[in-house]
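Single-letter residue listing:
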Amino acid sequence: MHYFEYKGNELHCEGVPIKKIAEKVGTPFYLYSYKTLVRHFNVFNQAFEGIPHLVCYSMKANSNLALIRLFVNLGGGVDVVSGGELYRAVQAGADPQKIVFSGVGKKEDEIEYALKAGILMFNVESSMELQKINEVAGRINKKAPISIRVNPDIDAKTHPYITTGMKQNKFGIDILRAPMAYRLASELPNLKIVGIDCHLGSQLVEVDPFVEALRKLKQLINDLRQQGMEVHYLDLGGGLGITYSDEEPPHPYEYASNILEEIRSFDCTLILEPGRVIVGNAGILVSKVLYIKENEEKRFVIVDAAMNDLVRPSYYGSFHQILPVQEGGREEIVADVVGPVCESADFLAKGRKIPRLNPGELIAIMSAGAYGFSMSTNYNSRPRVAEILVRDEEIYVIRKREEYEDLIRGETIPDFLTHS
Ligand code: LLP
């Protein structure tokens, strides 16, 4: 069952024609389907039934308050990577005891904020960070719960920009050095070892790397336990991929059953940090065709969404399917779909077969729910777009479109420049 589908010739989100939303809020906008979000979270969560586990939604994929709250209501925790994300998670109503804090460069104020909020654990990525957390915790009289993010040196076979679990990546502590880091942690008075963590990368379309990582982690946990350290949480990170075009990632049940097989008899609570697999295909970007232009070599469809709204095609060369909101037997053409930003890298699709589109028409850029809005910027002083949530027949504006005033918020012209 899909919640973005044509009814008649009109693309709908659940019970609402997308055209109707565009008439109400203008374009471009991100559009999320409530039922899809719920289904994705529940399927993923239920796949791990049978062992103690916690799904900490990786909010960097999409950090809108409404989405976080939705997952919190379904029992989810949150994976945060900055003070700002922690703030959002708390504002959205997340239980701090279900928040894990990852990232290679946590700052002192962020550590203090997280300690005071009472998060479940810090996923620590270096020995120096262990010492810093120990120092901050001591200063404010707290004991910091930590797990160490281990880099298992496994090739996740994904885009080089989003692979993280190999030696040449900046993430985690090399698995061979991890025992040393744990020993250090056990000696620091204001730290409490509670778990172990790893994250291999994103958009993984095979289960093997996960299984391989688990086997390495299990070995390490056994060694640590023999030394009397308590490793209660096993955080496997996120990374399960989705279908953008013809990828065939494992279904969450297949992913889960492989993991469960490895750790069923292993006494620990499993933590998972899925992002993309929950929100990626639950959201689209809707844009309007502005102009068509052609020369001997190329045909450009110029639309009102751009790389500042969805950077993935420009940044990673990612593929996002593009559908006309109004379907109708038209001939197909090959074109570049581009935005108004002044960069040649500003494209949403290159050399793409699409129906011949007319100015004023709406298009849907699919699979844009993850790393879409959350990576958007104001480049070219373009206000960030609205975010809409649809549930059945209802339309909710969950983030209003920015206005020009928002663009200059916080800026000042020093006096000396205004006195001539
Ligand atoms: N946990 C950690 C520690 C992470 O670094 C990430 C993603 C996740 C969980 C969630 O991974 P997911 O389940 O979404 O694959 N901007 C890129 C993706 C960057 C992923 C960064 N880390 C993209 O648009 O493809």
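On a predicted model such as this, the values are computed, not experimentally measured, just so you know.

Q: Run through the overall build of the protein, naming residues and quoting values.
A: Along the backbone of the protein there are 13 helices and 21 strands. Referenced to the eigenvectors of the C-alpha coordinate spread, the extents of the protein come out at roughly 70 × 65 × 40 Å. Buried positions account for 56% of the 420 residues belonging to the protein. Contacts in the protein between residues far apart in sequence, at least 24 positions, make up 70% of those at least 6 positions apart. In the form shown here, the protein has an accessible surface area of approximately 18,900 Å², with 49% of it arising from carbon and sulfur atoms. The averaged location of the 56 negative side-chain charges in the protein is 2 Å from the averaged location of its 47 positive side-chain charges.

Q: Outline unusual backbone geometry, listing residues and values.
A: Glycine aside, the phi torsion of most residues is negative, and most peptide linkages are trans. Residue proline 28 is bonded to the preceding threonine 27 through a cis peptide linkage, with omega at -10°. Within the element layout of this structure, proline 28 appears in the loop between helix 1 (18-25) and strand 4 (29-33). Of note, the phi angle at glutamate 14 is positive, near 50°, even though the residue is not glycine. Mapped onto the secondary structure, glutamate 14 falls in the loop between strand 2 (10-13) and strand 3 (16-17). Residue classification places glutamate 14 among the buried residues on the basis of a relative accessible area of 6%.

Q: Help me get a handle on the site of the ligand, residues and values and all.
A: Neighbouring the ligand are 18 residues, the closest being Ser202, Glu273, Arg312, Tyr316 and Tyr371. Separating an oxygen atom of the ligand from a side-chain N or O atom of arginine 312 is a distance of 2.6 Å. Protein contacts shield 92% of the accessible area of the ligand, which totals 590 Å² for the unbound molecule. Its residues assigned to classes, the shell around the ligand comprises five nonpolar, seven polar and six charged. Here the shell around the ligand gathers at least three residues from each of two domains, domain 1 (4-31 + 280-407) and domain 2 (103-272).

Q: Talk me through the domain arrangement of the protein; I want residue IDs and the actual numbers.
A: With domains assigned, the protein is organised as domain 1 (4-31 + 280-407) and domain 2 (103-272). Computed from C-alpha atoms alone, the centre-to-centre distance between domain 1 and domain 2 is 36 Å. On the side of domain 2, eight residues touch domain 1, which itself brings ten residues to the contact. With both chains or domains summed, domain 1 and domain 2 bury close to 750 Å², and 58% of this area falls on carbon and sulfur atoms. On the surface where domain 1 and domain 2 come into contact, there are one residue pair in polar contact (both at pLDDT 80 or more).

Q: Break down the packing of aromatic side chains for me, citing the residues and quoting the values.
A: Scanning all chains against the criterion turns up ten aromatic pairs. Here the aromatic rings of phenylalanine 44 and tyrosine 255 are separated by 5.9 Å at their centres, their planes lie at 40°, and the arrangement is tilted. In this pair, phenylalanine 44 is assigned in helix 2 (residues 34-47) and tyrosine 255 in helix 9 (residues 252-263), connecting sequence segments 211 residues apart. You can call tyrosine 255 buried: its relative accessible area is 1%. Taken together, the ring pairs connect Phe44, Phe48, Phe210 and Tyr255 into an aromatic cluster. Lying over the aromatic face of phenylalanine 347, lysine 350 brings its terminal NZ or CZ to 4.7 Å of the ring centre.

Q: Which residues make up helix 5 (residues 108-117), and what values do they have?
A: Among the residues of helix 5, Glu110, Ile111, Glu112, Ala114 and Leu115 are the ones counted as buried. Remark: glycine 118 follows helix 5 within two positions and exhibits a positive phi of approximately 80°.

Q: Report on a nonpolar patch on the surface, specifying residues and quantitative values.
A: Taken together, the side chains of Ile413, Phe416 and Leu417 present a nonpolar region at the surface, about 380 Å² in accessible area. Tracing the sequence through the fold places phenylalanine 416 in helix 13 (residues 415-418). Relative accessible area serves as the criterion here: at 63%, phenylalanine 416 is assigned to the exposed category.

Reading guide: rules and limits
Residues numbered from 1 in each chain as written. Predicted model: local features only at pLDDT ≥ 70, side-chain atom pairs only at ≥ 80, totals over all residues. Heavy atoms only, no water. Helix = DSSP H or I, 4+ residues; strand = E, 2+ residues; numbered from the N terminus. Buried < 20%, exposed > 50% of the residue type's maximum accessible area, 1.4 Å probe, protein only. Contact = heavy atoms within 4.5 Å. Areas by Shrake-Rupley, 256 points an atom, 1.4 Å probe, with all protein chains shown as cover. Lys, Arg positive; Asp, Glu negative; His and termini not counted. Charge placed at Lys NZ, Arg CZ, Asp CG, Glu CD. Near = heavy atom within 4 Å. Polar contact = N/O pair within 3.5 Å; in protein donor to acceptor, adjacent residues only side chain to side chain. Nonpolar A, V, L, I, M, F, W, Y, C, P; charged D, E, K, R; others polar. Domains from an automatic or database assignment. Buried area = accessible area lost by both parts, 1.4 Å probe. Phe/Tyr/Trp six-rings, centres within 6.5 Å; stacked < 30°, edge-to-face > 60°. Lys NZ or Arg CZ within 6 Å of the ring centre and 35° of its normal. Patch = residues over 30% accessible without salt bridge, like charges linked within 9 Å, V, L, I, M, F, W, Y side chains within 5 Å. Salt bridge = Lys/Arg side-chain N within 4 Å of Asp/Glu carboxyl O.

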